Amino acid sequence: MALLPILCYPDPRLNTVARPVRAVDARVRALAADMLQTMYDAQGIGLAATQVDVHERVIVIDVSDERNQPLVLINPEIIWASAERHVSDEGCLSVPGIYDGVERAAAVKVTALDAQGESRTLDADGTLAVCIQHEMDHLMGKVFVEYLSPLKRNRIRTKMLKARREAEKV
Ligand code: NI
């Protein structure tokens, strides 16, 4: 397994639309394992392949307190979303240090392949529902800050670019 570098907003590669995985083979399983390791190392609750510059429909999630319930969702599709919507604070490993409210469906039903290539259906609400929608946005090239006002988004963009410049100086 290996830690993968995570792209940081506003890296334009984060706006790439991911393609479906053709076959869940050893390569895809290795990618999912590396993504899980990278997510745990960064203390995140979810990671999309897009964020590690692999533009295929793979996401990994663990919303458990014990960090021992890894979920691998390959080619995920939302087949139902509740009319009820909630606003909750989100963060993102690609936008470190930024948290803000985003409105999303309170519950979703998702189909996906697991790491064995088996088709699964998942009913999610609460943090898991938020996380699935957030990660699936990444696969469509969308970062959560794009839901915020242009003013907030520009502030975040400036802050991130400044942080990158400072990091490059060292
Ligand atoms: Ni994210």
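Cut-offs used in this document
Residues numbered from 1 in each chain as written. Predicted model: local features only at pLDDT ≥ 70, side-chain atom pairs only at ≥ 80, totals over all residues. Heavy atoms only, no water. Helix = DSSP H or I, 4+ residues; strand = E, 2+ residues; numbered from the N terminus. Rg over C-alpha atoms; globule rule 2.2 N^0.38 Å. Buried < 20%, exposed > 50% of the residue type's maximum accessible area, 1.4 Å probe, protein only. Contact = heavy atoms within 4.5 Å. Areas by Shrake-Rupley, 256 points an atom, 1.4 Å probe, with all protein chains shown as cover. Lys, Arg positive; Asp, Glu negative; His and termini not counted. Charge placed at Lys NZ, Arg CZ, Asp CG, Glu CD. Phe/Tyr/Trp six-rings, centres within 6.5 Å; stacked < 30°, edge-to-face > 60°. Lys NZ or Arg CZ within 6 Å of the ring centre and 35° of its normal. Donors = N, O, S within 2.8 Å, 3.2 Å for Na, K, Ca; no water. Salt bridge = Lys/Arg side-chain N within 4 Å of Asp/Glu carboxyl O. Pairing = 2+ DSSP bridges. Expected span 1.5 Å × (residues − 1).

### Describing the overall build of the chain
Part 1: The helix and strand inventory of the chain stands at 3 helices and 7 strands.
Part 2: N-terminal to C-terminal, the α/β element order of the chain is α-β-β-β-β-β-β-β-α-α.
Part 3: Against the 2.2 N^0.38 benchmark of 15 Å for 170 residues, the chain shows a C-alpha radius of gyration of 16 Å, consistent with a compact globule.
Part 4: Taken over the C-alpha atoms alone, the chain extends approximately 45 × 40 × 30 Å along its principal axes.
Part 5: Evaluated residue by residue, the chain yields a buried proportion of 44% over its 170 residues.
Part 6: Nonlocal contacts in the chain, meaning residues at least 24 apart in sequence, comprise 66% of its contacts between residues at least 6 apart.
Part 7: Counting every atom, the chain has about 9200 Å² of accessible surface; 52% of that belongs to carbon and sulfur.
Part 8: Computing the positive centroid from 21 side-chain charges and the negative centroid from 24, the chain places the two 8 Å apart.

### Considering the packing of aromatic side chains
Part 1: With the rule as written, the count across this model stands at 0 aromatic pairs.
Part 2: Stacked on the ring of Y147, the Lys or Arg K142 has its end atom at 4.0 Å from the ring centre.

### Looking at the coordination of the nickel ion
Tetrahedral coordination by four donors places them ideally at 109.5 degrees to one another around the metal; octahedral coordination by six donors ideally gives 90 or 180 degrees.
Part 1: Listed as protein donors to the nickel ion are C92 (SG), H134 (NE2) and H138 (NE2); their distances from the metal cover 2.1 to 2.2 Å.
Part 2: Summarised as a motif, the one-chain spacing of the donors to the nickel ion is C-x41-H-x3-H. Residue C92 is located in the loop between β4 (85-90) and β5 (100-105), and its partner H138 is located in helix α2 (residues 126-139); the two are separated by 46 residues in the primary sequence.

### Some thoughts on the pattern of salt bridges
Part 1: One pass over the full model with this rule turns up 11 salt bridges.
Part 2: D123 is the partner of K109 in a salt bridge, and the nearest nitrogen-oxygen pair spans 3.3 Å. Pair noted here: K109 is in strand β6 (residues 107-113) and D123 is in strand β7 (residues 119-125), with a separation of 14 residues, a long-range link.
Part 3: Close ionic contact of D114 with R120 constitutes a salt bridge, the shortest N to O distance being 2.9 Å.
Part 4: When its relative accessible area of 8% is taken as the criterion, D114 is described as buried.
Part 5: In the salt-bridge network here, residues are joined through shared partners; they are D11, R13 and D53.

### So, the pairing of β7
Part 1: By the bridge criterion, 7 bridges tie β6 to β7 in an arrangement that is antiparallel. Bridge assignment links V108 to a residue of β7, and that residue is A124.
Part 2: Following β6, the chain reverses through 5 residues before pairing antiparallel with β7; G117 in that reversal takes a positive phi of roughly 85 degrees.

### Observations regarding α2
Part 1: Its 14 residues place the ends of α2 21 Å apart at the C-alpha level, agreeing with the 20 Å of an ideal helix rising 1.5 Å per residue.
Part 2: A large share of α2 lies buried, amounting to 12 of its 14 residues.
Part 3: All of the buried residues along α2 are L128, A129, V130, C131, I132, Q133, H134, E135, M136, D137, H138 and L139.
Part 4: Where α2 terminates, the next one or two residues include G141, which has phi positive at roughly 80 degrees.

From the geometry alone we can't say anything about function, so treat these as descriptive.
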